[in-house]
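Chains, contacts and geometry: an overview
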Amino acid sequence: MTAKEIRQAFLNFFEQKQHHLVASAPILVKNDPTLMFTNAGMNQFKDLFLGEAAIKYPRVADTQRCLRVSGKHNDLEEVGIDTYHHTMFEMLGNWSFGDYFKKDAIAWSWELLTEVYKIPKEKLYVTYFEGDEKEGLEKDQEAYDLWKQYVDESHILPGNKKDNFWEMGETGPCGPCSEIHVDCRTDEEKVLINGATLVNADHPQVIEIWNNVFMQFNRLKDGSLQSLPAKHVDTGMGFERLVRVLQEKTSNYDTDVFQPMIQFIAEKSGTPYGIDEKTDIAMRVMADHIRAISFVIADGQLPSNNKAGYVIRRILRRAVRYAYTFLNFKEPFLNQLVPLLAEQFKGVFEELVAQQDFVQKVILEEEVSFLRTLSTGIQRFDKYQATDGIVEGNFAFELSDTFGFPIDLTELMSREKGWSVDLEAYEQALKKQKDDSRAATAIDTGDWVIVNTDDQSEFVGYDDLEIETEILKYRKVKAKGKEQYQIVLRQTPFYAESGGQVGDTGRLEDHSRQFWVDITDTKKENGLTVHFTDLLPDNLEGKFWAVVDEDKRTLTEDNHSATHLLHAALKQVLGQHVNQKGSLVNADYLRFDFSHFSKVTDEELAQIEVIVNQKIRENIKLKEQRNVPYQDAIQSGVTALFGEKYGDFVRMITFDDHFSKELCGGTHVKATGQIGSFKIVSESAVAAGVRRIEAITADKAEQYFLDQRRELGHLKALLNGSKDLTASVQALLDENARLKKEIEKTTLERVGNLKNEIVHHVRGINGVNLIARHIDLQSADAIKNLAFSLKDMVDNLFLVFTTEIDAKPGITVMLSDHLVKKGMNASNIVRELGKEIQGGGGGQPFYATAGGKNPAGLEKVLEKAEDFIPKG
């Protein structure tokens, strides 16, 4: 069976078992502060396990894109080294939400593996939870008894809490699990060692392929276990491992999931796969990492220097490093794998197919940038001098942190020079960075305290900005030393931050309306609308009025609706390739990121502004459609955003059926006329292939035009009421240019006179010709020209100039090439002299400058100059 056939057989099997097939959620997790990436198939169903959302389908199956490179589940360092770990992988899964439990889950998993996939039964081992006395958890006797119906008891093995009690993170849904392992060893190997002893022993040929998790607890912050409202089944089967087993390979990388890319890499590098372990690892790393990189970018996360963007940049750079070091790819190559990958996932994950060109160009730009950084780091290493043959740990860490060098590359280059690396100091520096990072982002979240019971909270903010409601639950959170409370209401008019729109603020008033607490922010967490407040009401059990700040909401809606008009105008002016890549909408301005590979010209920006303002003046009424079947919406031509997880029913926002039609959960104006006016204030690059427009609307735009008019009035007054401002300003520029030329001519004459005067006042000391004096020139370029002129005239020159330009002290140091060869260094000298003026600087070995803030130290600089001349 091919990989595609294996995947489809899984989905068909569970569809026949009355499971509803759902699409994969994006890899990038939104609205869950405990996760950065989807690391398991159950992530998108977390709110269902916790009872915080309504269950539409009691049985579900899918294939989910997952990423494990950070946090509790981190396999990055094993990827490429062994045969079965990956960064991005597919998790085939079937779920039951309060429907079937252990009996059916176990029966169906055995049926699929042995009757559909035809895996020999004697190859399979199963595990069950042996219990944990400390946790007060009993042995999972039920699972054991169920497995006995299908499996010989010698192939049913107990597992401890580490292996057979599944937890998504430090807190959250969890429960005992039953794993299925496959022994892929040869018959000869099986005779020598019993496979049961190799289960969960990290043997490369005795591997876990499927885990049936029986979700029945919620792990609280204090470590205790709370029973979930209902029992659920959460299963996950590693697709890449399953394909390996069914295709009878000894490595995941030998299957048709990875071999097309590996063979392409081998061909382009001129290095056969399967000959040398080092080059094999490099190819595996590249073939694996391109999957994670491509899908995270396609799901809306660009490489950057923080959070999720930094993780994907780190993965990309790891792949480039292996290609550079072991396969001699000195030019960008990784991006060339994207078309192969897109073709492979056609009909499975269309997000990548639709954005193939964009993803490839982003990766290309990242490769170009990193190869430049890598080259700079190598040059820095080549100039480094190890003390006693030991490369300092801090230097090794700097190469890693700043230039992207893995420690093994630093060790490799060190060995070539006969050096070794202080790994202990390196690990200390790395640990300090990680500890500092964790401390900076640490959030201490308490458990929920229930006030009133209810199935879920309801958002009513599309229609109401003020309602009577009750508090369902609250908890205390602490971040960066500040304590706050999070509150969940039975009904809420507060819009939670989502889709680029900021969360509402407002007040929670008691029923008498005499006392209130301020709602400072509103966010989503696993489907819940969470309200942030610095204080709790005195009586939590009463009725409350939830009141949204209407002015802020209105201005935010102006900007949000304007982004829809802007998006449509961009497509009209620049082309249909334009797609939203991010946005921020608040009461003050809007920020819109979009795919486009060149700067938007002034003419295009003006055209875009005209179109948006025309649509505003037309006062187009909002057409809002709720609970539209997703496929109906797509077929109507609606714009859907990559990286968003849409349900079976969606909300459509339309401003003119032939202009702007988008899927959106945000709040909007009732008619475009409310926006007032629209003004673009900046256009810039964000990343490769991504541009950013910032704009203002309503009162902010009005104030902008008033400020511009006032500025224009001041300018006219300065030009004596000139009617032709352009001509008047041009005349001033021309006059300024003429005067600058006259000043330059005068300065050059003065430099010539100074040069002839200074050359007669050279002091010879120990074979060095010293010039140290204060120069009264008000041009840095003139001072530089004077220094270089004297260098051409005086042999063995050591020159130190002090200057004061616009009351700021400065130092210039110039050395002849002969003195540089003898060990003198202008950059080092100027840094030392700069201390006298409370400043610093640097430059090249023969020429360097420094600036400071203490002119009184200039005299001392000239006095110290002679100290730098070598004695004897």
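This section reports on the structure supplied with the text. (Residues numbered from 1 in each chain as written. Predicted model: local features only at pLDDT ≥ 70, side-chain atom pairs only at ≥ 80, totals over all residues. Heavy atoms only, no water.)

Focus on the overall build of the chain
Broken down by element type, the chain carries 25 helices and 37 strands. Dimensions of the chain, computed from the C-alpha atoms along their principal axes, are close to 105 × 75 × 55 Å. Residues classed as buried in the chain amount to 51% of the 872 residues present. Considering only contacts in the chain between residues 6 or more positions apart, those separated by 24 or more positions represent 68%. When the accessible surface of the chain is summed, it comes to about 41200 Å², and 47% of that surface belongs to carbon and sulfur atoms. A gap of 4 Å separates the mean positions of the 104 positive and 135 negative side-chain charges of the chain. (Helix = DSSP H or I, 4+ residues; strand = E, 2+ residues; numbered from the N terminus. Buried < 20%, exposed > 50% of the residue type's maximum accessible area, 1.4 Å probe, protein only. Contact = heavy atoms within 4.5 Å. Areas by Shrake-Rupley, 256 points an atom, 1.4 Å probe, with all protein chains shown as cover. Lys, Arg positive; Asp, Glu negative; His and termini not counted. Charge placed at Lys NZ, Arg CZ, Asp CG, Glu CD.)

A word on the packing of helix H1 (residues 3–16) against helix H7 (residues 239–246)
Across the interface, H1 lies against H7 with an axial gap of 10 Å and an inter-helix angle of 115°. By the angle between their axes, H1 is roughly perpendicular relative to H7. Regarding H1 and H7, the two cross each other, and that crossing is right-handed. Residues Ala-3, Ile-6 and Arg-7 of H1 lie in contact with H7, whose contacting residues are Phe-239, Leu-242, Val-243 and Leu-246. The class makeup of the residues in the contact of H1 with H7 is six nonpolar, no polar and one charged. (Axes fitted to C-alpha atoms, helices over the stretch in contact; angles between N-to-C directions. Parallel < 35°, antiparallel > 145°, perpendicular 65-115°, else oblique. Left-handed = near helix turned anticlockwise from the far one by under 90°. Nonpolar A, V, L, I, M, F, W, Y, C, P; charged D, E, K, R; others polar.)

Points about the nonpolar core
Leu-113, Tyr-117, Ile-209, Met-237 and Leu-334 are the most contacted members of the largest nonpolar core, which has 120 residues in total. Counting residues in each nonpolar core, the second largest holds 29 residues, with Leu-566, Ala-568, Phe-655 and Ile-693 among its members. (Core = buried A, V, L, I, M, F, W, Y, C linked by side-chain atoms within 4.5 Å.)

Here we look at the pattern of salt bridges
All chains considered together, the criterion is met by 48 salt bridges. Lys-523 is the salt-bridge partner of Glu-497, the closest N and O atoms lying 2.8 Å from each other. Of this pair, Glu-497 sits in the loop between strand S19 (491–492) and strand S20 (506–510) while Lys-523 sits in strand S22 (residues 521–525), and the two are 26 residues apart along the sequence. Judged by its relative accessible area of 30%, Lys-523 falls in the partly exposed class. Residues Arg-763 and Glu-866 are paired through a salt bridge, measuring 2.8 Å at the closest nitrogen-oxygen approach. Of this pair, Arg-763 sits in strand S32 (residues 763–765) while Glu-866 sits in the segment after helix H25 (858–864), placing them 103 residues apart in sequence. Taking relative accessible area as the criterion, Glu-866 reaches 32% and is therefore assigned partly exposed. (Salt bridge = Lys/Arg side-chain N within 4 Å of Asp/Glu carboxyl O.)

Thoughts on the state of the cysteines
Summed over the entire model, instances satisfying the criterion amount to zero disulfides. Left without a disulfide partner, Cys-66 is nearest to the cysteine sulfur of Cys-177, which lies 16 Å away. Classification of Cys-66 by relative accessible area gives buried; the value is 0%. (Disulfide = S-S within 2.5 Å.)

With respect to a negative patch on the surface
Residues Glu-122, Asp-187, Glu-188 and Glu-189 make up a contiguous surface patch of negative charge. Note on placement: Asp-187 falls in helix H6 (residues 187–192). On the basis of relative accessible area, Asp-187 is assigned to the exposed category, the value being 57%. (Patch = residues over 30% accessible without salt bridge, like charges linked within 9 Å, V, L, I, M, F, W, Y side chains within 5 Å.)

Considerations on the packing of helix H21 (residues 725–758) against helix H22 (residues 780–793)
As a packed pair, H21 and H22 sit with axes 10 Å apart at the nearest point and diverge in direction by 40°. In this structure, H21 crosses over H22, and the sense of that crossing is right-handed. Counting all contacts with H21, which are made through Thr-747, Val-751, Leu-754, Lys-755 and Ile-758, the residues of H22 involved are Ala-782, Leu-786, Ser-789, Leu-790 and Met-793. For the contact of H21 with H22, the per-class residue count stands at seven nonpolar, two polar and one charged.

Some details on the sheet that holds strand S27 (residues 623–629)
If you walk across this open sheet you meet the three strands as S27-S28-S29, and the pairing is antiparallel. Among the strands making up the open sheet, the edge pair consists of S27 and strand S29 (660–663). Adjacent strand axes in the sheet meet at a mean angle of 25°, parallel and antiparallel pairs treated alike. One ladder, built from five bridges, connects S27 with strand S28 (residues 649–655); its direction is antiparallel. Pairing of Glu-624 across the sheet is with Ile-653, part of S28. Packed on one face of the sheet, helix H17 (residues 550–574) meets S28 and S29 and runs near 115° to S29. (Pairing = 2+ DSSP bridges.)

Examining the sheet that holds strand S25 (residues 580–585)
Spatially, four strands are ordered S25-S26-S31-S30 in an open sheet, and the strand pairing comes out antiparallel. Edge positions in the open sheet fall to S25 and strand S30 (678–687), since each of these has one partner strand only. Neighbour-to-neighbour, the strand axes of this sheet turn through a mean angle of 15°, independent of strand direction. Where strand S26 (residues 590–595) and strand S31 (residues 690–697) come together, six bridges link them in antiparallel fashion. Paired with Ser-595 across the two strands is Val-690, which belongs to S31. Relative to S26, H17 is tilted by about 25°, and along the sheet it contacts S25, S26, S30 and S31. Against the sheet, helix H18 (residues 602–617) engages S30 and S31, with an angle of about 135° to S30.

Some thoughts on H21
An ideal rise of 1.5 Å per residue puts 50 Å on 34 residues; H21 measures up with 48 Å between its terminal C-alpha atoms. All of the buried residues along H21 are Leu-725, Ser-728, Val-751, Gly-752, Leu-754 and Ile-758. Contacts made by the buried residues of H21 are with helix H20 (698–718), strand S33 (768–774), H22 and strand S34 (797–805). (Expected span 1.5 Å × (residues − 1).)

A closer look at the pairing of S34
Counting buried residues along S34, seven of its nine residues qualify, which places the element largely inside the surrounding structure. Bridging between S33 and S34 involves six bridges; their strand directions are parallel. Bridge pairing in S34 places His-774 opposite Thr-802. Note on the crossover from S33 through H22 to S34: the handedness is right-handed. Direction of pairing for S34 relative to strand S35 (residues 808–815): antiparallel, over a ladder of eight bridges. Bridge assignment links Phe-798 to a residue of S35, and that residue is Leu-815. Hairpin geometry of S34 and S35 is characterised by an intervening segment of two residues between the two adjacent antiparallel strands and by a positive phi of about 55° at Asp-806. (Right-handed = clockwise from strand over helix to strand, strands pointing away.)

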